Every structure is written in structure tokens, then in C-alpha cells.
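Report on the structure
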Amino acid sequence: QVLLVESGGGLVQAGGSLRLSCAASGRTFSMAWFRQAPGKEREFVAAKWSSGRTYYGGSAKGRFIISRDVDKNTMSLQMNSSKPEDTAVYYCAADNVGKAAYYRRDAYTYWGQGTQVTVSS
């Protein structure tokens, strides 16, 4: 069992930046960020494997940067050029393997409790 704890959420103005972090209690191979806005499905944001392979969802490309410190079992999401539509609860997810369907919720066994991000216009 791996526990995931997110931090860094908060309020940011449109166009601003915010950095989210996720700390894992043990080693994992794949780690990812998902987000869920009120009334919407949970959406894939980005993923990074310990091998270095990196994936971004459409909403994150060109604006967000995912990074990992494999030795420290941590992951971060640098959110730049924030938009009001980025407002959501952001979840950290992880698994012991990397799956082809990295963008699906069921590709990850472990989940954090989420951290709220609000982007004001």
C-alpha cells in the first residue's frame, strides 16, 4: 500500500502560476495528475514514469510541467498561464507499473485525497 499526499493547492489569478506537489510513502513506477471540476468527469492531466517517459493531456500541453524526484518519491506539477477552466480538485495517482492506457483512472492503484485549485478571472 502506498499513501499519496498532495499539497500546494490554493487560489491563483488567471495567467498566474501554481506548483502542486505529491509525496508518496513508497516507490512507484508511474505517477500522474488528474483533476475533477464540479459536475465533470475526472480528467487526465499529466503522467511521468520513473523511466522518464512523460505524457500530457490536452489541457496541460504547453502550460503545465510535470516532474519527479524518484529517489525522494515525490512528484510536482508546475501550472503556468492558469485559466479559470483549470479550477478543479487535483489528484495525485500512482501505480507500480506503467500502462499503455496511462490516461485512464483505472491505470492507477493509489490515489491521494486531492487538493483544490481555484483560478480567478
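Refer to the structure printed above.
The notes below deal with the structure included here. (Residues numbered from 1 in each chain as written. Predicted model: local features only at pLDDT ≥ 70, side-chain atom pairs only at ≥ 80, totals over all residues. Heavy atoms only, no water.)

**Looking at the overall build of the protein chain**
- What the protein chain contains, in helices and strands, is zero helices and 11 strands.
- Listing each helix as α and each strand as β along the protein chain from the N terminus yields β-β-β-β-β-β-β-β-β-β-β.
- On C-alpha atoms alone, the protein chain measures out to a radius of gyration of 13 Å, which is about the 14 Å that the 2.2 N^0.38 rule sets for 121 residues.
- When each of the 121 residues of the protein chain is scored for burial, the buried share is 45%.
- Accessible surface, the protein chain: about 6,100 Å² in total, of which carbon and sulfur atoms supply 48%.
- Charge-centre separation for the protein chain: the mean point of 15 positive side chains lies 3 Å from the mean point of 9 negative side chains. (Helix = DSSP H or I, 4+ residues; strand = E, 2+ residues; numbered from the N terminus. Rg over C-alpha atoms; globule rule 2.2 N^0.38 Å. Buried < 20%, exposed > 50% of the residue type's maximum accessible area, 1.4 Å probe, protein only. Areas by Shrake-Rupley, 256 points an atom, 1.4 Å probe, with all protein chains shown as cover. Lys, Arg positive; Asp, Glu negative; His and termini not counted. Charge placed at Lys NZ, Arg CZ, Asp CG, Glu CD.)

**What to know about the environment of Ala94**
- Summarising the element assignment, Ala94 is placed in strand β9 (residues 88–95).
- On the basis of relative accessibility, which here comes to 0%, the residue Ala94 falls in the buried class.
- Residues Ala94 and Ala47, spaced 47 residues apart in sequence, show a C-alpha to C-alpha distance of 9.1 Å.

**Concerning the packing of aromatic side chains**
- The tally for this structure, following the rule as stated, stands at nine aromatic pairs.
- Aromatic side chains Phe29 and Trp49 sit 5.5 Å apart centroid to centroid with 50° between the ring planes, which places their arrangement in the tilted category. In this pair, Phe29 is assigned in the loop between β3 (18–24) and β4 (30–36) and Trp49 in strand β5 (residues 43–49), connecting sequence segments 20 residues apart.
- Residue classification places Phe29 among the partly exposed residues on the basis of a relative accessible area of 26%. (Phe/Tyr/Trp six-rings, centres within 6.5 Å; stacked < 30°, edge-to-face > 60°.)

**Overview of the sheet that holds strand β7 (residues 64–69)**
- On the basis of which strands lie adjacent, the open sheet formed by four strands has the order β1-β3-β8-β7 and antiparallel pairing. At either end of the open sheet lies a strand with only one pairing partner, and these are β1 (4–7) and β7. Adjacent strand axes in the sheet meet at a mean angle of 15°, parallel and antiparallel pairs treated alike.
- Here four bridges tie β1 to β3, and the two strands are oriented antiparallel to one another. (Pairing = 2+ DSSP bridges. Axes fitted to C-alpha atoms, helices over the stretch in contact; angles between N-to-C directions.)

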